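Chains, contacts and geometry: an overview
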Amino acid sequence: QSERKFITFEYWKEYLAELDYDELVYGHDNLAEITEKHPHTLGGLIKFLYVIILKRMEVRDKSKSVNSVDIIFNFDCIGFTGTPFLDNYPTSDYIRHQREDDIPPCIDRSFYAYTNENLPQGEFEKRFYRFQGQNNNVKVKYLSSDFMNDSLKIGEMETLEAIFNQESSSHDVMPVDGVKAAPFNVIVDLCGIFKLSTIYDVRSLILQQFGANCFHYIYHIDQIDGSDRVLCIKTQNDVAFDEEFYKYLCRTYGADLRDKIFFFVDNRNYIGKDVPYQLVFQKHFNLPLFVKSVVVAHDVEDFSKIWQAMGRSRTMNDTTFSIYKSSISGEMNGEHGSEPIDIKKHPLTKLLYTRNCDCKMAGNLSSIYQTLIALYNLSKNSFYYSDEIVNTFIEKMEQTIMKKVSRLEEKLAGVLTEHIVPARILQHIFGDKFGRSSNKAISENGLSVDGVNELVRQIVRQKFEQRLPSGDIYDDYIRFLSGEQVSLMEISYTKQQQKQKQKQKAKSQDNDTMDMFDKRHQLPLCKKVEDYFASTIRIEDDVVKRMLGLPVSIPIFTLHYSGGGRQNVINVYPTVQFMYSHHINPRYITEDVRGVLGGANVPSRYYEDFLATVAAESKMEELDSKSETEMFHTETKLNGIRQNPQYSLVGIQPGVYIIGMKDQFNIHDIETHPLSDHMQCAMDEIGFVLFDKTNTKSVDEFGPYFIEQYILLDALSKQEVAQNVITYYCRHKDKLERGLESYNEKRGKGFICWRFLSFAS
């Protein structure tokens, strides 16, 4: 039933026209009932079911397995993305039908350049020109990023600030109408330099560097769903960068839009993503949206990734690029120094490009092993291959791996002695690969059929990590075929494992930070109990839970808001458990924080100190509470909490809140908490009220409707209900109060029940 929505209008018109289209696609009759009522539709529906079955089996009419021999002939012409386009390869069909005519070229390899060819500069430029395609006039400047080794020890925003300063110093950018102009409007983070920073950190730095009138918006990619977002620098509103908002920006700024929006592009997790509306903008205003792009490729050696990061600009011929790369010497920069030049004329481009071609041609151990399996399939006229070694780890634990590897190498090597075609094919593959190696010991050493046989055995052993260095030419062969592996004994992952590992690593920005808390920001705490499980039966004895519930008297989040001639301060204090989550910026954990938790061994004294510190801080802030403006205004002074956290927030008094994990503050645990008498109400990141002791219904009184609760909800979670409350508080406060007076709270507490409130005049 769910598949019927994929029936296209064209398919319906050709095969099923006698049926009502909407009834067919969205109706409730099953296909058997439809064919019974309309027998002439049987053929069309059977064909549709056949397509579904093939789709479910991941098989097509002209399918080719990953193990197909088609990879073999075209192995050294895999494109820069590393993805073989199997459907384009006719070689398997040539072998099956014993055709002898020339195989047509499926992929243009004329732009490849290898190190051992030692091409003259003119010939290299011709090949690179073919590689560039339409982007044949790209101006680029390479700069050393060695300064990042020191700046990253201080912080990520300090590194971005150093990039801003370096770009500003190399270009005399004159202020326009008294507003400081930026040296570039795009930065592409290729290697995860800024993985721990939020877009609000970038906003703060831009305000510090250029003031509030240079850039008005920051484009960024949402770390959760990968959508295009735009953050307003002035209001901190974060909205979708869709067609409607783009048109609004064009109406507001016209051609000056490119000077008012800063593009912060995370190129790690969303490699194939384009920044929208670039070509539309260029077509309309005859100007590129990307004026100058800075590509941070600090430790990236793969030129294809650098080129792809540059490709975030859809108007490469009109965009100037600065590429920050480590270990760049003066000789690599050539005669032109700091001036941007045509990318194909730069000596560093030639070095990176040829090195990349060498690497792509060599492949890796998993891919060459896959080639052996494909040849075995060819010799057995088999489409798929069933591997005897399924779980290498278990085989090693049971000490059966060596026997199975021996049987496997005998089986694969036997193919080369019994079947001349696979043997010659493999000999040609190795000959082409080794002939392009920059290592003369490999390129000048001929490989006989017996040598191929032995190399196959060595590859199988290496694949399953059962090979020891032999001290001869085969060590060089294996090292070459292993591609980017540094050591002969390094673990080699299959393609599937590599993709799974990469997916797991880059699933979200949250996962990236879990293993990035270095020792400066770690907080080791230890509590010994005789029987931990027994201690958890009674909450009074659960010392671990009590320790995780300790609040820290140093704010993790501070916000000032003003209105009505008065300025107020909100401080949020984290629990120890919240500090152990991936929702915080690790830089919050300092020596001061460690010092505060040093007194946690005496809980009663610790909580007294916490309340005394909070009270003293609140009293100091009351002394400076006057505001010159009557307008409602908020300003975040300190933020150690990362974007979109999951939390529960308990209010102690106006301006004082404790933030914990999602389920840390619930009505059951609060009863036994040492601060239970001081905890008045609690909410989560959605706006649900977890408990309330105040029983108030006013936006100006402390409780579940208090305006501070929704200021925090907007600042931390960007919830729509919070923005509605703040808008009504500023513009229709009387309606808000009347709606609360008439609300009986039967549907629940808090403005999460917004739709049940009556705002009638």
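Structure: see above.
Residues numbered from 1 in each chain as written. Predicted model: local features only at pLDDT ≥ 70, side-chain atom pairs only at ≥ 80, totals over all residues. Heavy atoms only, no water.

Among the nonpolar cores identified, the biggest contains 115 residues, and Ile187, Phe262, Met310, Phe430 and Leu455 are the most heavily contacted of them. No other element matches the eight residues that helix α16 (residues 365–379) contributes to this core. Core analysis: the next-biggest nonpolar cluster, separate from the first, contains 63 residues, Ile556, Ile570, Val650 and Met661 among them. (Core = buried A, V, L, I, M, F, W, Y, C linked by side-chain atoms within 4.5 Å. Buried < 20%, exposed > 50% of the residue type's maximum accessible area, 1.4 Å probe, protein only. Helix = DSSP H or I, 4+ residues; strand = E, 2+ residues; numbered from the N terminus.)

Another point: the pairing of strand β4 (residues 228–232). Along β4, five of the five residues are buried, which leaves the element largely enclosed by surrounding structure. The alternating pattern of β4 places Asp228, Val230 and Cys232 and Arg229 and Leu231 on opposite faces, both of which are buried. Looking at chain direction, strand β3 (residues 217–221) and β4 are connected through five bridges and run antiparallel. Within β4, the position partnered with Ile218 by the bridge is Leu231. Two successive antiparallel strands, β3 and β4, enclose a turn made up of six residues, where Gly226 displays a positive phi of approximately 75°. Counting the residues in the hairpin turn of β4 and strand β5 (residues 238–240) gives five residues, including Gln236, whose phi is positive at 65°. (Pairing = 2+ DSSP bridges.)

So, on to the packing of aromatic side chains. Applying the stated rule across the entire model yields 43 aromatic pairs. Ring geometry for Tyr112 versus Tyr114: centroids 6.0 Å apart, planes at 50°, classification tilted. On the accessibility criterion, Tyr114 (7% relative accessible area) is buried. Ring geometry for Tyr710 against Phe751: centres 5.1 Å apart, planes inclined by 70°, an arrangement best described as edge-to-face. In this pair, Tyr710 is assigned in helix α31 (residues 707–717) and Phe751 in the segment after α33 (733–741), connecting sequence segments 41 residues apart. (Phe/Tyr/Trp six-rings, centres within 6.5 Å; stacked < 30°, edge-to-face > 60°.)

Residue placement: Leu287 occurs in the loop between α12 (278–285) and β7 (292–296). Measuring from C-alpha to C-alpha, the distance between Leu287 and Thr319 comes to 9.8 Å, with 32 residues separating the pair along the chain. Ignoring any residue separated from it by four or fewer positions in sequence, one finds Leu287 in contact with Ala255, Arg258, Phe281 and Gln282. (Contact = heavy atoms within 4.5 Å.)

With that settled, the discussion passes to the packing of α16 against helix α19 (residues 420–435). In the contact formed by α16 and α19, the axes pass within 10 Å of each other and the chain directions differ by 160°. Taken together, the axis directions place α16 and α19 in an arrangement best described as roughly antiparallel. As for how α16 packs across α19, the hand of that crossing is right-handed. Contacts between α16 and α19 pair Ile368, Thr371, Leu372, Leu375, Leu378 and Ser379 from the former with Pro422, Ile425, Leu426, Ile429, Phe430 and Lys433 from the latter. Considered class by class, the residues forming the contact of α16 with α19 number nine nonpolar, two polar and one charged. (Axes fitted to C-alpha atoms, helices over the stretch in contact; angles between N-to-C directions. Parallel < 35°, antiparallel > 145°, perpendicular 65-115°, else oblique. Left-handed = near helix turned anticlockwise from the far one by under 90°. Nonpolar A, V, L, I, M, F, W, Y, C, P; charged D, E, K, R; others polar.)

Under the 1.5 Å per step criterion, the end-to-end length of α16 is 21 Å for 15 residues, consistent within 8% with the ideal 21 Å. In terms of residue burial, α16 counts as a mostly covered element, since 14 of its 15 residues are buried. Two residues or fewer after α16 comes Asn381, characterised by a positive phi angle close to 55°. (Expected span 1.5 Å × (residues − 1).)

Turning our eyes to something else, we now look at the side chain of Glu409. Within the secondary structure, Glu409 is located in helix α18 (residues 401–418). Among the residues examined, Glu409 registers a relative accessible area of 6% and is labelled buried. Here the side chain of Glu409 touches Arg461 through a polar contact of 3.0 Å, side chain to side chain. Beyond its immediate sequence surroundings of up to four residues, Glu409 is in contact with Arg457, Val460 and Arg461. (Polar contact = N/O pair within 3.5 Å; in protein donor to acceptor, adjacent residues only side chain to side chain.)

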